[in-house]
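Remarks on the overall topology
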Amino acid sequence: MAPVYKIAVIQLYPKPLAVESNHEKAINFIRDAAAQSCDLAVLPEYHLTNWLPDDLNFIPQCAKYQKYLDSYCSLAKELKINIVPGTIIEKHGNELRNVAYFISSVGEILGQYQKKNLWHPERPHLTSSFHAPHQAFDTPLGKVGMLICWDLAFPEAFRELIAGGAKMIIIPTFWSLSDCNEAGLKHNPMAEALFLESTLISRCFENTCMIVFANAGGPKGEITKGSYAGLSQVAVPFKGALGKLGDEEGMSVVEVDMEILEHAEDNYKVRADMGREGWHYRYTLAKNFDENKGKS
């Protein structure tokens, strides 16, 4: 029988540069998830700092990244829960890196990923992982891959992780409705929500995978001019979005029977086609296929 996993998607509101209070709030959400016997808790991108790269206090806060990473490792071990603490901005010399970590329930870092596809306003500030491959890795929840926010727009990133055997793709995100330009907003003020809802479901169908999507939310009960998209969810084939949140801060707990991915693959045979000799696009993923041939 396929395993059943209980997943907490935490749609945290990251108060700008209020690192300590954001961290404390994240810890409280994770403790709540552990009390509900969750196997995994996932936070959003930029959950400690928000995104204010031009603020003079931003870079000094990013230099303290190790303190918070160590704290999450200790918390995972204490609560016996796997944690993806969103992303943490790290200062390394003159570089700022946007990094997601998968921390196991014994407090060990099993995988990490530095954001590759930077949203254009990020490019003057962050360093991309450039040509480093997207890599799936083993966890207590099976083979997992991680992407960050704008990576969602690139099906090639998913294909590379699926070729590596990933069945669960975790995506910490900081995606707002105001990411759309003025022309787009005139066509549809909710264009970015449409982008997210359409793309998340498409990606899980076209890759027979589960997507754990944790976006930032707005402060609960306060008006934020509709800037926070939210919509955090767990997306699976056949069913679509599970436990989908609105645009405010909150947490959704979802149980997923991984057998649904087997049923999806039996129906669509995406992985089977990708792995067979003569697949039309095999050249794009030749290295991953050679290394992972026969793996599922």
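Details of the structure are given in the entry above.
Described below are features of the structure shown in this document. Not measured: the values here are computed from a predicted model. (Residues numbered from 1 in each chain as written. Predicted model: local features only at pLDDT ≥ 70, side-chain atom pairs only at ≥ 80, totals over all residues. Heavy atoms only, no water.)

1. What to know about the overall build of the protein
- In terms of helices and strands, the protein carries nine helices and 13 strands.
- In terms of overall size, the protein behaves like a compact globule, its C-alpha atoms giving a radius of gyration of 18 Å where 296 residues would be expected to give roughly 19 Å.
- With respect to the three principal axes, the spread of C-alpha positions in the protein is 55 × 50 × 40 Å.
- Out of the 296 residues in the protein, the part that is buried amounts to 55%.
- In the protein, once contacts between residues fewer than 6 apart in sequence are set aside, the share between residues at least 24 apart is 68%.
- When the accessible area of the protein is evaluated, it comes to approximately 13,300 Å², of which 52% is carbon and sulfur surface.
- Charged side chains of the protein number 29 positive and 36 negative; the gap between the two group centres comes to 2 Å. (Helix = DSSP H or I, 4+ residues; strand = E, 2+ residues; numbered from the N terminus. Rg over C-alpha atoms; globule rule 2.2 N^0.38 Å. Buried < 20%, exposed > 50% of the residue type's maximum accessible area, 1.4 Å probe, protein only. Contact = heavy atoms within 4.5 Å. Areas by Shrake-Rupley, 256 points an atom, 1.4 Å probe, with all protein chains shown as cover. Lys, Arg positive; Asp, Glu negative; His and termini not counted. Charge placed at Lys NZ, Arg CZ, Asp CG, Glu CD.)

2. Examining the nonpolar core
- By size, the foremost hydrophobic cluster in this structure holds 57 residues, and its most contacted members are Met168, Ile169, Ile170, Met210 and Ile211.
- Those residues in contact with Met168 that sit more than four places away from it in its chain are Tyr5, Ile7, Leu40, Leu141, Lys143, Val144, Gly145, Met210 and Val212.
- By size, the runner-up hydrophobic cluster in this structure holds 27 residues, among which are Ala26, Ala33, Ile83 and Tyr101. (Core = buried A, V, L, I, M, F, W, Y, C linked by side-chain atoms within 4.5 Å.)

3. Thoughts on the side chain of Lys115
- Topologically, Lys115 is positioned in the loop between strand E6 (109–114) and strand E7 (137–139).
- Lys115 gets classed as buried once you look at its relative accessible area, which sits at 0%.
- In terms of polar contacts, Lys115 uses its side chain to reach the side chain of Glu45, at 3.0 Å.
- Apart from the residues lying within four places of it in its own chain, the contact partners of Lys115 are Glu45, Asn98, Glu122, Thr127, Ser128, Ser129, Ile148, Cys149, Trp150 and Asp151. (Polar contact = N/O pair within 3.5 Å; in protein donor to acceptor, adjacent residues only side chain to side chain.)

4. Remarks on helix H3 (residues 65–79)
- Look at H3: 21 Å from first C-alpha to last across 15 residues, which is about the 21 Å you get at 1.5 Å a residue.
- Of the positions making up H3, those classed as buried are Tyr65, Tyr68, Leu69, Tyr72, Cys73, Leu75 and Ala76. In a view along the axis of H3, the buried residues occupy a sector of 165 degrees, so they form one face of it.
- Those residues of H3 hidden inside the fold are in contact with helix H1 (19–35), helix H2 (58–62), strand E3 (82–84), strand E4 (87–92), strand E5 (95–103) and E6.
- Remark: Lys80 follows H3 within two positions and exhibits a positive phi of approximately 60 degrees. (Expected span 1.5 Å × (residues − 1). Arc of directions from axis to C-beta.)

5. Overview of the sheet that holds strand E10 (residues 210–215)
- Strand order in the open sheet formed by six strands is E7-E8-E9-E10-E11-E12, with mixed pairing between adjacent strands. Of all the strands in the sheet, the pair left with one neighbour each is E7 and strand E12 (240–242). Strand-to-strand, the axes of this sheet are offset by a mean angle of 30 degrees, without reference to chain direction.
- Pairing geometry for E7 and strand E8 (residues 142–146), over three bridges, is antiparallel. Directly across from Asp138, in E8, lies its bridge partner Lys143. (Pairing = 2+ DSSP bridges. Axes fitted to C-alpha atoms, helices over the stretch in contact; angles between N-to-C directions.)

6. With respect to the packing of H1 against H3
- Closest axis-to-axis distance for the H1/H3 pair is 11 Å, and the angle between their directions is 15 degrees. Viewed along their axes, H1 and H3 adopt a mutual orientation that is roughly parallel. Note on packing geometry: the crossing formed by H1 with H3 is right-handed. When H1 is examined against H3, the residues Val19, Glu20, His23, Ala26, Ile27, Ile30, Arg31 and Ala34 are found in contact with a partner set consisting of Lys67, Tyr68, Ser71, Tyr72, Leu75, Glu78 and Leu79.
- Considering only residue class, the contact of H1 with H3 consists of nine nonpolar, two polar and four charged. (Parallel < 35°, antiparallel > 145°, perpendicular 65-115°, else oblique. Left-handed = near helix turned anticlockwise from the far one by under 90°. Nonpolar A, V, L, I, M, F, W, Y, C, P; charged D, E, K, R; others polar.)

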